[in-house]
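The lines below spell out each chain.
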Amino acid sequence: MFNALRSTVGAGLAVIAVIALAAPQASAEVKSSASPGNSAVQITRDADATTRAIAAADPQAVSAAATVCGTGYALSRGIPLPLGTDPNLRLATLFSYQNAGKGCVILDNNVGASRYMYLKVCKVDGTGCDTDSGNFSSYAGPVYVSSFACAPVTAKMGTSSSSLFINYTNDYVFPCN
């Protein structure tokens, strides 16, 4: 009986997960097609050239990640991972978004297969942390932080938690001013 219930609940959760994942992507496609060449996501003024290039090259991913964060979020940074990787060959992309003093981070899986992913963001003093971890085929997150200035972010990805090919920590994913 327990296994039958677990199977039924698992199937129900899988359907909900598919709906939840498909909805942002469908929404992103509509936004992108409404204005060709434009990501339909606001980009902060202080976004660097790499972030702007990622947004221009993959507006659907940028829009989908923003939709996962919620309404009104503007792209702050897009970081191809592992660091130093050609953005076209990246294994993951760390997206940070901001909205009225609140930050949101998504770790986008660019491998195309389920991988262990870990994402953590905290206030600058190390408190108020939010994390997400597990095996994901699309993304880890969203994770949120209030008072995002200089919020430290940790992003990990690998075949398991002990076999990582990305182990990234940075205090400057969000602006410090």
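Refer to the structure above for everything that follows.
Everything numeric in this text was worked out from a predicted model, so none of it was measured.

> Residues and numbers for the state of the cysteines, please.
Applying the stated rule across the entire model yields two disulfides. In this model, cysteine 122 is linked to cysteine 129 through a disulfide, with the two sulfur atoms separated by 2.0 Å. What sets the handedness of the cysteine 122 and cysteine 129 disulfide is the S-S torsion sign, and at about 105 degrees it is right-handed. In this structure cysteine 122 comes out as buried when scored by relative accessible area, which is 6%.

> Tell me about the pattern of salt bridges, and please be specific about residues and values.
For the coordinates displayed, the defined rule picks out two salt bridges. Salt-bridge contacts for aspartate 48 lead to arginine 77; the nearest nitrogen and oxygen are separated by 3.6 Å. Taken together, the residues aspartate 48 in the loop between helix H1 (2-34) and helix H2 (49-57) and arginine 77 in strand E1 (residues 74-81) connect sequence positions 29 residues apart.

> Requested: an account of the sheet that holds strand E2 (residues 92-99), with residues and values cited.
Within a sheet, neighbouring strands are paired by backbone hydrogen bonds and run either parallel or antiparallel to one another. Taken in spatial order, the four strands line up as E1-E2-E3-E6 in an open sheet, and their pairing is antiparallel. Pairing within the sheet leaves two strands with one partner each, and these edge strands are E1 and strand E6 (139-146). Here the average twist between neighbouring strands, direction ignored, is 15 degrees. Bridge analysis of E2 against strand E3 (residues 102-109) gives eight bridges, and the strand direction is antiparallel. From the neighbouring strand, asparagine 99 faces E3, where its bridge partner is lysine 102. Contacts from H2 reach E1 and E2 within the one sheet, and its direction differs from that of E1 by about 95 degrees. Sheet strands touched by helix H3 (residues 59-69): E1, E2, E3 and E6. Its angle to E2, the strand with the most contacts, is close to 50 degrees.

> Any details on the packing of aromatic side chains? Residues and values, ideally.
Tallying each qualifying case throughout the model produces three aromatic pairs. Ring plane angle 40 degrees and centroid distance 6.2 Å describe the contact between phenylalanine 95 and tyrosine 97, whose orientation is recorded as tilted. The exposure class assigned to phenylalanine 95 is buried, which follows from its relative accessible area of 1%. Between phenylalanine 148 and phenylalanine 174, the ring centres sit 5.2 Å apart and the planes meet at 45 degrees, which makes this aromatic pair tilted. Of this pair, phenylalanine 148 sits in the loop between E6 and strand E7 (153-160) while phenylalanine 174 sits in the segment after strand E8 (163-170), placing them 26 residues apart in sequence. With respect to class, phenylalanine 148 is no different from phenylalanine 174; both count as buried. If you follow lysine 156 out to its NZ or CZ, it ends over the ring of tyrosine 118, 5.3 Å from the centre.

Criteria and cut-off values
Residues numbered from 1 in each chain as written. Predicted model: local features only at pLDDT ≥ 70, side-chain atom pairs only at ≥ 80, totals over all residues. Heavy atoms only, no water. Disulfide = S-S within 2.5 Å. Buried < 20%, exposed > 50% of the residue type's maximum accessible area, 1.4 Å probe, protein only. Salt bridge = Lys/Arg side-chain N within 4 Å of Asp/Glu carboxyl O. Helix = DSSP H or I, 4+ residues; strand = E, 2+ residues; numbered from the N terminus. Pairing = 2+ DSSP bridges. Axes fitted to C-alpha atoms, helices over the stretch in contact; angles between N-to-C directions. Contact = heavy atoms within 4.5 Å. Phe/Tyr/Trp six-rings, centres within 6.5 Å; stacked < 30°, edge-to-face > 60°. Lys NZ or Arg CZ within 6 Å of the ring centre and 35° of its normal.

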